[in-house]
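# Structural overview for review
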Amino acid sequence: MHSTDDCVHMARALQLAARGRFSAHPNPMVGCVLVRDGEVVGEGWHEKTGAAHAEINALLSAGDKAQGATAYVSLEPCAHTGKTPPCATALIEAGISKVVAAMQDPFEEVSGSGLEMLREAGVEVEAGLMQSAAESLNAGFIRRVTDGRPNVRLKIAASIDGAIAMTSGESQWITGEEARHDVQKLRAMSGAVMTGIGTVLADDPSLNVRARDVDTRGLQPLRVVLDSRLRMPPTAAMLSLPGDTLVCCTGEHDVVQLEGAGAEVRNFGAHGEVVNVFEVLAALGEREINDVLVEAGPRLAGYLLEKELVDELVIYQSPHIMGSNTRGMFDTPAWAALADRKTLDISDVRRVGIDTKITARIKG
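Residues numbered from 1 in each chain as written. Predicted model: local features only at pLDDT ≥ 70, side-chain atom pairs only at ≥ 80, totals over all residues. Heavy atoms only, no water.

### So, the overall build of the chain
- Looking only at helices and strands, the chain has eleven helices and 18 strands in total.
- The C-alpha atoms of the chain give a radius of gyration of 23 Å, which matches the 21 Å a tight globule of 364 residues would have.
- If one aligns the C-alpha atoms of the chain with their principal axes, the spans along those axes are about 65 × 45 × 40 Å.
- Across the 364 residues in the chain, those meeting the buried criterion constitute 49%. (Helix = DSSP H or I, 4+ residues; strand = E, 2+ residues; numbered from the N terminus. Rg over C-alpha atoms; globule rule 2.2 N^0.38 Å. Buried < 20%, exposed > 50% of the residue type's maximum accessible area, 1.4 Å probe, protein only.)

Set out below in structure tokens:
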């Protein structure tokens, strides 16, 4: 049985881990708290790939006080040498007497070996405390290493009557300034931001993180454009911004001008008349993208829903009625009957300025 103090310390480790939400990817977010004789003697979190892991930072902050301490870690300590040495070894050498991990690392090069190394060295080990919270925190990382594709988060900005634009295409701005700033955080949490060529041609979006108070440690999400016929203009605004842009097309095209403008152009198979999104997501998984934020029009949004590729919906609902001469959130021609509707499991509802932010997953 875990005590109240155990839960408090693990909750703190998870809180520390979340500090890496804008900069740790593609690594998982990890936090560590060291406790000796009831006193917190060290804390740490993983800031950026290639930098010290959470356990190392916690050991550095504790110094000699780490000897005989209990380590509360939001993810199993690694036992392999990647960009940094194994954390399990560092904990053993520091004299840690007990490790409490929220969950086992699903990454195949760890996957229980870190906990086993600790046990073999005589360290007491427990796992599973607040596991669901730890899994939720690193849902994208878990999805990638287990399924080979990123977690897909679909963002929608709509009026209270479900409109995302007027029939003319006018859509700026449906939501308020606070909601638009919140979207900057969603982008910063994502390894990639995906849209369709229709959105690029209509709105010329930047799809970058530009909020000064969102510290990404210099990272920008990969911008991904689904463009089956390669209509991407070399003058698109995103091509002149820091960060990379991947244009996904089908068939053979002249790519010289577009690549000269800074885009990476890659050919994928077709799924009907569109780019095979399954292939695109698999390719993003190979690039170690944990989370993809989709900011797109109703056609791509609906397509992803129909193909059951949406892991999470984030809807910013504005307190406006836009009327009948509008475009809806999703184009889903395959859903022809009431029985085709999808039920949402709403995990969070909160006010963001004047708007309401709804976070949900699709049941079943």
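More follows now that the structure is in view.
### Quick notes on the environment of Thr356
- Along the chain, Thr356 falls in strand β18 (residues 355-362).
- Between the C-alpha atoms of Thr356 and Asp244, which are 112 residues apart in sequence, the distance is 32 Å.
- Apart from the residues lying within four places of it in its own chain, the contact partners of Thr356 are Ile315, Tyr316, Gln317, Val349, Arg350 and Arg351. (Contact = heavy atoms within 4.5 Å.)

### Overview of the sheet that holds strand β2 (residues 39-45)
- Spatially, the five strands line up as an open sheet ordered β2-β1-β3-β4-β5, and their pairing is mixed. Strand pairing shows two members of the sheet lacking a second neighbour, β2 and β5 (124-127), which therefore form its edges. The average undirected angle you get between the axes of adjacent strands in this sheet is 15°.
- Bridge count between strand β4 (residues 98-101) and β5: four bridges; the pairing is parallel. (Pairing = 2+ DSSP bridges. Axes fitted to C-alpha atoms, helices over the stretch in contact; angles between N-to-C directions.)

### Overview of unusual backbone geometry
- In the segment running from His25 into Pro26, the intervening peptide bond is cis, with an omega of 15°.
- The linkage connecting Gln172 with the following residue, Trp173, adopts the cis geometry, with an omega of -5°.
- Summarising the element assignment, Trp173 is placed in the loop between β7 (163-166) and α7 (177-188).
- At Asp37, a position not held by glycine, the phi torsion is positive, near 55°.
- Relative to the helices and strands, Asp37 resides in the loop between β1 (31-36) and β2.
- For Asp37, a relative accessible area of 79% puts it in the exposed group.

### With respect to helix α10 (residues 277-286)
- Those residues of α10 lying buried are Val277, Val280, Leu281, Ala283, Leu284 and Gly285.
- For α10, the N-terminal cap is Asn276; the gap from its side-chain oxygen to the backbone nitrogen of Phe278 is 3.0 Å.
- Glu288 occupies a position one or two residues after α10 and carries a positive phi of about 65°. (Polar contact = N/O pair within 3.5 Å; in protein donor to acceptor, adjacent residues only side chain to side chain.)

### Section: the side chain of Arg144
- Locating Arg144 in the fold gives a position in helix α6 (residues 139-147).
- Within the buried set, Arg144 has no salt-bridge partner at all; the shortest N-O distance to an opposite charge, 4.4 Å, is to Glu288.
- The contacts of Arg144, once residues within four sequence positions are left out, are Pro26, Arg149, Gly285, Glu288, Ile289 and Asn290. (Lys, Arg positive; Asp, Glu negative; His and termini not counted. Salt bridge = Lys/Arg side-chain N within 4 Å of Asp/Glu carboxyl O.)

### Comments concerning the pattern of salt bridges
- Applying the stated rule across the entire model yields 15 salt bridges.
- Residue Arg12 is joined to Glu43 by a salt bridge in which the shortest nitrogen-to-oxygen separation is 2.9 Å. Residue Arg12 is found in helix α1 (residues 4-17), and its partner Glu43 is found in strand β2; the two are separated by 31 residues along the sequence.
- Overall, the relative accessible area of 25% leaves Arg12 in the partly exposed class.
- Arg153 is the partner of Glu312 in a salt bridge, and the nearest nitrogen-oxygen pair spans 2.6 Å.

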